[in-house]
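Architecture and fold: a report
Each chain is listed here by its residues.
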Amino acid sequence: MAERGMTGMVQIGDVVVSMDIFREKFLCDLNACKGQCCVEGDAGAPLGLDEVAELEEVLPVVEKDLSPEAREVIGRQGVCYVDKDGDLVTSIVNGKDCVFTCYDAHGCCCCAVEKAYRAGKTDFYKPLSCHLYPIRVGDYGPYKALNYHRWDVCRSAVSLGEKENVRLYEFLKEPLIRRFGSEWYDELLDIARELEAQGFI
């Protein structure tokens, strides 16, 4: 059951969704940003405990694609650590690069785990927090809250989303279904159509 409140949020089951996710437009433009979201920042990508095991399992498959510095960090502290906020996150190199980054021939930063998945070498796509970005999932008691995380390195994605008229919830259809299921996503689509028909988005 969905409810729309007065605070710019929509509730779908036990998930509270920011209106920004319906309203804002976004489409990754790797040619412009070169995958900087995997490099910039002061902490790694948030992880669930089950994802730590997945990363440890896929490590022998992707290790050859990782930098020597990344392999050294993993050998010393593992695939993850607890950041200053107490969250479990992927290990990073030199205070910024995720240890699972690699680069293609054009200098674009890629995820070594996703690369292995696309090559059919693993069943694990990549951490859900990476797949869902720029949506961040927060915990508020019995509820999950979905919010749009704005970041300067994603300016090109905002511009391309505007140009192609792709809203955030459309761009992130696959990871939203991965996390919450197809029935939940279908309900989100129904709400999006209603909001558009009423002029809210």
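Residues numbered from 1 in each chain as written. Predicted model: local features only at pLDDT ≥ 70, side-chain atom pairs only at ≥ 80, totals over all residues. Heavy atoms only, no water.

So, on to the packing of helix α9 (residues 173–180) against helix α10 (residues 182–197). In the contact formed by α9 and α10, the axes pass within 7 Å of each other and the chain directions differ by 130 degrees. Viewed along their axes, α9 and α10 adopt a mutual orientation that is oblique. Residues Lys173, Leu176, Ile177 and Phe180 of α9 form the contact with α10, whose participating residues are Ser182, Trp184 and Tyr185. Its residues assigned to classes, the contact of α9 with α10 comprises 5 nonpolar, 1 polar and 1 charged. (Axes fitted to C-alpha atoms, helices over the stretch in contact; angles between N-to-C directions. Helix = DSSP H or I, 4+ residues; strand = E, 2+ residues; numbered from the N terminus. Parallel < 35°, antiparallel > 145°, perpendicular 65-115°, else oblique. Contact = heavy atoms within 4.5 Å. Nonpolar A, V, L, I, M, F, W, Y, C, P; charged D, E, K, R; others polar.)

What you see with strand β3 (residues 15–18) is no split at all: Val15 and Val17 on one side and Val16 and Ser18 on the other are buried throughout. Alignment of strand β2 (residues 9–12) against β3, held across 4 bridges, turns out to be antiparallel. Paired with Met9 across the two strands is Ser18, which belongs to β3. Joining the antiparallel neighbours β2 and β3 is a turn of 2 residues, in which Gly13 adopts a positive phi near 65 degrees. Note that β3 and strand β11 (residues 143–148) share 3 bridges and pair parallel. Of the residues in β11, the one forming a bridge with Val17 is Leu146. (Buried < 20%, exposed > 50% of the residue type's maximum accessible area, 1.4 Å probe, protein only. Pairing = 2+ DSSP bridges.)

Turning to the packing of aromatic side chains, a few remarks are in order. For the structure on display, the rule yields 6 aromatic pairs. When the ring of Phe22 is compared with that of Tyr169, the centres are 6.0 Å apart and the planes differ by 50 degrees; the resulting orientation is tilted. Taken together, the residues Phe22 in helix α1 (residues 19–23) and Tyr169 in helix α8 (residues 168–171) connect sequence positions 147 residues apart. The exposure class of Phe22 is buried, given its relative accessible area of 0%. You can call Tyr169 buried: its relative accessible area is 5%. Three or more aromatic residues joined by ring pairs make a cluster, and in this case those are Phe26, Tyr148 and Phe171. (Phe/Tyr/Trp six-rings, centres within 6.5 Å; stacked < 30°, edge-to-face > 60°.)

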